[in-house]
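The primary structure of each chain is shown beneath.
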Amino acid sequence: MNPSLVTDVGLTDAIFHRRAVREFSARETEPDSVEQLLVAAVQAPSALNQQPWGFVVIHGRTRLADYSQRVKAFLVATYPTSFEVHSRSDLYEDPHYDILHGADTLVVIYSKRGRLHPTEDCCLAAENLMLAAYGQGLGTCPIGFARPWLDLPEIKRELGVPDHWVAVFPVVLGYPAGPVAPTPREEPDVANWVWETS
Ligand SMILES: Cc1cc2nc3c(=O)[nH]c(=O)nc-3n(C[C@H](O)[C@H](O)[C@H](O)COP(=O)(O)O)c2cc1C
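Conventions adopted
- Residues numbered from 1 in each chain as written.
- Predicted model: local features only at pLDDT ≥ 70, side-chain atom pairs only at ≥ 80, totals over all residues.
- Helix = DSSP H or I, 4+ residues; strand = E, 2+ residues; numbered from the N terminus.
- Rg over C-alpha atoms; globule rule 2.2 N^0.38 Å.
- Buried ≥ 20, exposed ≤ 12 C-beta atoms within 10 Å, placed from the backbone.
- Contact = placed C-beta atoms within 7 Å.
- Core = buried A, V, L, I, M, F, W, Y, C linked by C-beta atoms within 7 Å.
- Near = placed C-beta within 6 Å.
- Nonpolar A, V, L, I, M, F, W, Y, C, P; charged D, E, K, R; others polar.
- Pairing = 2+ DSSP bridges.
- Axes fitted to C-alpha atoms, helices over the stretch in contact; angles between N-to-C directions.
- pLDDT = per-residue confidence, 0-100.
- Expected span 1.5 Å × (residues − 1).

## Let's talk about the overall build of the protein
Along the protein, the regular secondary structure elements total seven helices and four strands. For the protein, the sequential pattern of α-helices and β-strands runs α-α-β-α-α-β-α-β-α-α-β. Relative to the compact-globule value of 16 Å for 198 residues, the protein shows a C-alpha radius of gyration of 18 Å, a close match. Once the C-alpha set of the protein is aligned to its principal axes, its extents read approximately 60 × 40 × 35 Å. Per-residue burial for the protein yields a buried fraction of 33% across its 198 residues. The contacts of the protein with a sequence gap of at least 6 include a subset with a gap of at least 24, amounting to 83%.

Now the structure itself:
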């Protein structure tokens, strides 16, 4: 790994300014950068430090464009039983819609069964990865819609993923085409705040 690739942005900057990026430039993501993101991902806390994550990295726009078509076909074929397809079914039937947003790289975080809180652990790893990517000038977008397809036994076999791994968090990445407008956030919804004098 080349430590000089690390671009140091402040943590607050990363937390407040990371955005879901859905348009990417032609600049190719470097494998060293992805390696650094995986190292950042595995710094996440995990229950009993079980570190129940595993990764698949796929780079290449042609391959990802093919995956996009296959994910859409799967979603349409499972309609209406697939919850995810309902709100965006028009897009999935559009042959020009790229569910992976034209990114050059897809990282899938899989959990390993039989651990204590594998899903939570993997989501924490995903956030680390996305914040670290922001620090490198890379854009990321979680692709929840691709998760069921990536969890199919035949797709796991195709990707060389062990049968017992469970797809938790797919995320595409690449260099952003341009700035992304901030998305709104609601104020924290605190049902109760008990603050007794110690
Ligand atoms: C679990 C999860 C799944 C998501 N799935 C998708 C997806 O399939 N496609 C997509 O374009 N964005 C997806 N997103 C991105 C969200 O739409 C985005 O994070 C949200 O609108 C807030 O915008 P921001 O990330 O720019 O702050 C997903 C986000 C999360 C956390």
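## Thoughts on the nonpolar core
Judged by nonpolar contacts, the single largest core of 45 residues is most densely connected at Ile109, Leu129 and Val171. When residues in this core are grouped by element, the largest group, nine residues, is from helix H5 (residues 118-135). Residues within four places of Val171 in sequence aside, it is in contact with Val107, Ala126, Leu129, Met130, Thr140, Cys141, Pro142 and Ile143.

## Focus on the site of the ligand
Residues in contact with the ligand, as listed here, are Arg19, Ala20, Arg22, Cys141, Pro142, Ile143, Gly144, Phe145 and Thr183. Tallied by class, the residues present in the shell around the ligand amount to five nonpolar, two polar and two charged.

## Here's the deal with the sheet that holds strand E4 (residues 165-174)
Read from one edge of the open sheet, four strands run E1-E2-E4-E3, paired in antiparallel fashion. Across the chains shown, the open sheet's two edge strands, defined by having one partner strand only, are strand E1 (53-59) and strand E3 (139-142). If you compare each strand with its neighbour and ignore which way they point, the axes differ by 25 degrees on average. Bridge count between E1 and strand E2 (residues 105-112): seven bridges; the pairing is antiparallel. Opposite His59, over in E2, you have Thr105 as the bridge partner. Those strands touched by H5 are E1, E2, E3 and E4, and its axis lies near 10 degrees from that of E4.

## With respect to the environment of Cys122
Structurally, the position occupied by Cys122 is in helix H5. On the basis of neighbour count, Cys122 is assigned to the buried category, with 25 C-beta atoms found within 10 Å. Here the alpha-carbon distance between Cys122 and Ile58, two residues 64 residues apart in the chain, equals 18 Å. Every residue in contact with Cys122, bar those within four places of it in the chain, is listed here: Trp53, Ile109, Ser111, Val168 and Phe169.

## A look at unusual backbone geometry
Generally, phi is negative for residues other than glycine and the peptide bonds are trans, each holding for most cases. A positive phi is found at Leu48, a non-glycine position, where the angle reads about 55 degrees. Structurally, the position occupied by Leu48 is in the loop between helix H2 (31-41) and E1. What makes Leu48 exposed here is the crowd of 10 C-beta atoms within 10 Å. Residues other than glycine seldom take positive phi values, yet Asn49 does so here, at roughly 50 degrees. Mapped onto the elements, Asn49 comes out in the loop between H2 and E1.

## Re the confidence of the model for the protein
Mean pLDDT over the protein works out to 93, with 92% of the residues at or above the 70 mark. Taken together, the stretch residues 1-5 has pLDDT below 50 and engages in nine contacts with residues farther than four places along the chain or on a different chain.

## So, H5
Between the first and last C-alpha of H5 there are 26 Å, a value that for 18 residues agrees with the 26 Å anticipated at 1.5 Å per step. Against the buried residues of H5 lie helix H1 (11-17), H2, E1, E2, E3 and E4. Looking one or two residues past H5, Gly137 carries a phi angle of roughly 85 degrees, positive in sign.

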